[in-house]
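Each chain, written out:
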Amino acid sequence: MGKFLEDFKQFALKGNVIDMAVGVIVGGAFGKIVSSLVNDIIMPVVTLCTGGTGFENMKFVIKHGIPATEEGQAAVEEVAVHYGMFIQNIVDFFIIAISIFVAIRVTVKFKEKWEKPEPEPAPAEEPAPSKEEVLLSEIRDLLKEQNTDLESKKSE
């Protein structure tokens with residue numbers, strides 16, 4: 001049990017938990033927005049196209065319900081397969097999936113553009129040495145040569 005608590009403490013203090021919590025909260029709010037889009041905007045249009053019956057009213061009745069009677073007989077609830085709600089949930093899922101895909105794709109493109117390093121300019125070729133630099137280099141080489149000649153004569 002101690003190892004479990006230690007692992008959980010390490011996990012919770014990493015900082016990823018906060019990111020995950022923010023993601024869950026934003027995802028929940030995003031889900032509500034998409035559900036509202038489906039239920040309040042898309043489904044009424046679909047209802048008009050399907051002849052006035054929305055998906056939520058589509059069902060296959062297995063056993064019809066019986067209302068309660070005045071003599072005291074209890075009501076029997078209807079038993080039905082609500083396939084219309086299933087279809088609506090599938091539509092809801094696809095719209096959420098497409099919305100999340102687009103949001104992630106836009107975020108990744110923005111991140112790539114933001115983090116893309118600017119191309120470095122091509123290194124410029126070193127300029128040719130000026131006449132003075134060439135002359136000074138020759139003088140330096142001559143002085144080195146004379147210095148080595150003097151050292152060799154001293155060592156003899």
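Everything here concerns the structure above.
These numbers were taken from a predicted model, which means no experiment stands behind them.

S.K.: Looking at this structure, how should I read the overall build of the chain?
M.R.: Scanning the chain for helices and strands turns up four helices and two strands. Tracing the chain from N to C terminus, the helices and strands come up as α-α-β-β-α-α. Compactness check: the chain gives a C-alpha radius of gyration of 40 Å against a globular reference of 15 Å for 156 residues, more than 25% above the reference. Along the first, second and third principal axes, the C-alpha set of the chain runs to 140 × 55 × 20 Å.

S.K.: I would appreciate a short explanation of the nonpolar core in the present structure.
M.R.: Generally speaking, a soluble globular protein has its nonpolar side chains buried in company with each other. V34, V38, M43, F55, M58 and I95 form the largest nonpolar core, which has six residues in total. At three residues, helix α2 (residues 16-49) tops the list of elements feeding residues into this core.

S.K.: Where do I start with the packing of aromatic side chains in this structure?
M.R.: To describe a pair of aromatic rings, you give the distance between the ring centres and the angle between the ring planes. Inspection of the entire model under this criterion finds two aromatic pairs. Pairing F93 with F94 gives two aromatic rings, centres 5.5 Å apart and planes at 65°, and the pair type is edge-to-face. F94 gets classed as partly exposed once you look at its relative accessible area, which sits at 48%. Here F110 and W114 contribute two aromatic rings whose centre-to-centre distance is 6.0 Å and whose plane-to-plane angle is 25°, an arrangement assigned as stacked. Taken together, the positions of F110 and W114, both in helix α3 (residues 83-115) and four residues apart, correspond to about one turn of that helix. Both residues of the pair, F110 and W114, belong to the exposed class.

S.K.: How do you make sense of the environment of P129 when you look at a structure like this?
M.R.: Summarising the element assignment, P129 is placed in the loop between α3 and α4 (131-155). Along the chain, P129 and E145 lie 16 residues apart, while their C-alpha atoms are 22 Å from each other.

S.K.: Any chance you could explain a nonpolar patch on the surface here in plain terms?
M.R.: On the surface, a cluster of nonpolar side chains totalling about 830 Å² of accessible area is made up of F86, I90, F93, F94, I98, F101, V102 and V106. Within the secondary structure layout, V106 lies in helix α3.

S.K.: Before we go on, may I ask you to explain the pattern of salt bridges in this structure?
M.R.: When the charged atoms of two side chains lie near each other, side chains of opposite charge can form a pair. Evaluation of the coordinates by the stated rule reveals two salt bridges. In this structure, E78 and K59 form a salt bridge, with 2.8 Å as the shortest nitrogen-oxygen distance. In this pair, E78 sits in the loop between β1 (60-63) and β2 (79-81) while K59 sits in the loop between α2 and β1, placing the two residues 19 residues apart along the sequence. By relative accessible area, E78 is classed as partly exposed at 35%. The salt bridge partner of D141 is R140, with a shortest N-O separation of 3.3 Å. By relative accessible area, which is 45% here, R140 ends up partly exposed.

S.K.: Mind showing me how you'd approach the side chain of Q88 here?
M.R.: Within the element layout of this structure, Q88 appears in helix α3. Those residues within four positions of Q88 in sequence are excluded, and the remaining contacts are N39, M43, F55 and E56.

S.K.: How should I be thinking about α3 in this particular structure?
M.R.: In an α-helix, one turn spans 3.6 residues; hence positions three or four apart end up facing the same way. Counted at 1.5 Å a residue, the expected span for α3 with its 33 residues is 48 Å, and the 48 Å between its end C-alpha atoms agrees. Buried residues of α3: G84, Q88, D92 and I95, and no others.

Cut-offs and rules
- Residues numbered from 1 in each chain as written.
- Predicted model: local features only at pLDDT ≥ 70, side-chain atom pairs only at ≥ 80, totals over all residues.
- Heavy atoms only, no water.
- Helix = DSSP H or I, 4+ residues; strand = E, 2+ residues; numbered from the N terminus.
- Rg over C-alpha atoms; globule rule 2.2 N^0.38 Å.
- Core = buried A, V, L, I, M, F, W, Y, C linked by side-chain atoms within 4.5 Å.
- Buried < 20%, exposed > 50% of the residue type's maximum accessible area, 1.4 Å probe, protein only.
- Phe/Tyr/Trp six-rings, centres within 6.5 Å; stacked < 30°, edge-to-face > 60°.
- Patch = residues over 30% accessible without salt bridge, like charges linked within 9 Å, V, L, I, M, F, W, Y side chains within 5 Å.
- Areas by Shrake-Rupley, 256 points an atom, 1.4 Å probe, with all protein chains shown as cover.
- Salt bridge = Lys/Arg side-chain N within 4 Å of Asp/Glu carboxyl O.
- Contact = heavy atoms within 4.5 Å.
- Expected span 1.5 Å × (residues − 1).

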